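Structural description and commentary
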Amino acid sequence: MKPAAIEAFFATLQAANPHPETELVYASTFELLVAVLLSAQATDVGVNKATRRLFALAPTPQRMLDLGEAGLVDCIKTIGLFRSKARHLMQTCRILVEQHGGRVPRERASLEALPGVGRKTANVVLNVAFGEPTMAVDTHIFRVSNRTGLAPGKNPLEVEQGLLKRIPAPYRLHAHHWLILHGRYVCQARRPLCDQCQVRALCDLGRGA
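Reference entry: report on the structure contained in this document. This structure is a prediction, so every number in the text was calculated from the model and none was measured.

Observations regarding the packing of aromatic side chains
The final tally for this structure, using the stated rule, is four aromatic pairs. A ring pair is formed by Phe 9 and Phe 10, whose centres lie 5.2 Å apart and whose planes are at 70 degrees; its orientation type is edge-to-face. Residue classification places Phe 9 among the buried positions, given a relative accessible area of 0%. Plain terms: the ring middles of Tyr 171 and Trp 178 are 6.4 Å apart, the flat faces sit at 65 degrees to each other, and that makes the pair edge-to-face. Taken together, the ring pairs connect Phe 9, Phe 10, Tyr 171 and Trp 178 into an aromatic cluster.

Some points on empty space enclosed by the protein
The tally for this structure, following the rule as stated, stands at one cavity of 30 Å³ or more. Space inside the largest cavity adds up to approximately 90 Å³. Together, 15 residues line the largest cavity, and His 182, Cys 187, Cys 194, Cys 197 and Cys 203 are the ones closest to its centre. Those elements that place two or more of their residues in the lining of the largest cavity are α8 (139-148) and α11 (204-208). Considered class by class, the residues forming the lining of the largest cavity number 10 nonpolar, three polar and two charged.

Focus: the nonpolar core
Counting 36 residues, the largest nonpolar core has Val 34, Leu 38, Leu 54, Met 64, Leu 72 and Ile 76 as its most contacted members. Secondary structure elements with two or more residues in this core: α2 (29-38), α3 (44-57), α4 (61-76), α5 (82-100) and α7 (119-128). With eight residues, α2 is the single largest residue contributor to this core. Setting aside its immediate chain neighbours within four residues, Met 64 contacts Phe 30, Val 34, Leu 54, Ala 58, Leu 72, Leu 89, Met 90 and Cys 93.

Quick look at the layout of surface pockets
By volume, the largest pocket is sized at about 680 Å³. In terms of lining residues, the largest pocket is bounded by 33 residues, among which Ser 39, Ala 42, Asp 44, Lys 120 and Asp 138 are the most central. At the level of elements, α2, α3, α5, α7, α8 and α10 (172-185) are the ones that each hand at least two residues to the lining of the largest pocket. For the lining of the largest pocket, the leading source of residues is α10, giving six residues. For the lining of the largest pocket, the per-class residue count stands at 12 nonpolar, 14 polar and seven charged.

Cut-offs applied
- Residues numbered from 1 in each chain as written.
- Predicted model: local features only at pLDDT ≥ 70, side-chain atom pairs only at ≥ 80, totals over all residues.
- Heavy atoms only, no water.
- Phe/Tyr/Trp six-rings, centres within 6.5 Å; stacked < 30°, edge-to-face > 60°.
- Buried < 20%, exposed > 50% of the residue type's maximum accessible area, 1.4 Å probe, protein only.
- 1 Å grid on protein atoms, 1.4 Å probe; cavity = no way out; pocket = protein on both sides within 12 Å on 5 of 7 lines; lining within 4 Å.
- Points joined across faces, edges and corners; volume = space filled by probe spheres on them.
- Helix = DSSP H or I, 4+ residues; strand = E, 2+ residues; numbered from the N terminus.
- Nonpolar A, V, L, I, M, F, W, Y, C, P; charged D, E, K, R; others polar.
- Core = buried A, V, L, I, M, F, W, Y, C linked by side-chain atoms within 4.5 Å.
- Contact = heavy atoms within 4.5 Å.

Rendered as structure tokens:
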């Protein structure tokens with residue numbers, strides 16, 4: 001996709017949704033971190049159902065430690081990989097309490113040092129909680145970036161670097177949300193809804209459809 005098309009692509013998405021937000025429900029940076037960690041191989045809807053009860057019981061790292069791993073498992077057992085996620089969450093809460101005064105750090109290295117927190121999760125927290133123009137490449141963004149020709153890449157890191165290089169600065173803060181939502185609801189994996197796509201004329205697939 002050429003620069004002029006990329007500009008038009010994001011201008012169109014911005015006009016349709018000027019202030020995109022994550023569909024995860026949270027009330028603090030800690031709750032956001034927990035929700036994103038739990039969202040791996042799970043839907044946002046499923047995570048929100050589990051965290052509604054969890055956050056009422058344990059809205060802080062110390063309260064989650066007090067809840068205990070068994071109590072945490074009971075809250076999140078409807079989510080995939082819940083046992084390993086519970087173990088990672090308890091370890092993360094201990095680190096937050098002992099090393100960061102119970103607060104979520106805003107440095108990438110500190111975030112990625114937390115058990116269960118990889119680059120994608122760190123990017124979401126940095127973007128959503130701290131307003132940094134990061135690009136959290138999940139399956140939706142990876143697919144949309146390659147399918148449209150926006151930023152083709154063989155792996156998530158290549159796509160992330162390509163997006164950060166090619167997306168005009170004014171759109172970078174919200175770009176990851178626009179791309180996720182576009183991939184989730186329009187540019188779907190099995191059957192992209194090209195007839196409903198506002199940016200069809202700008203993408204490689206749409207032009208060939």
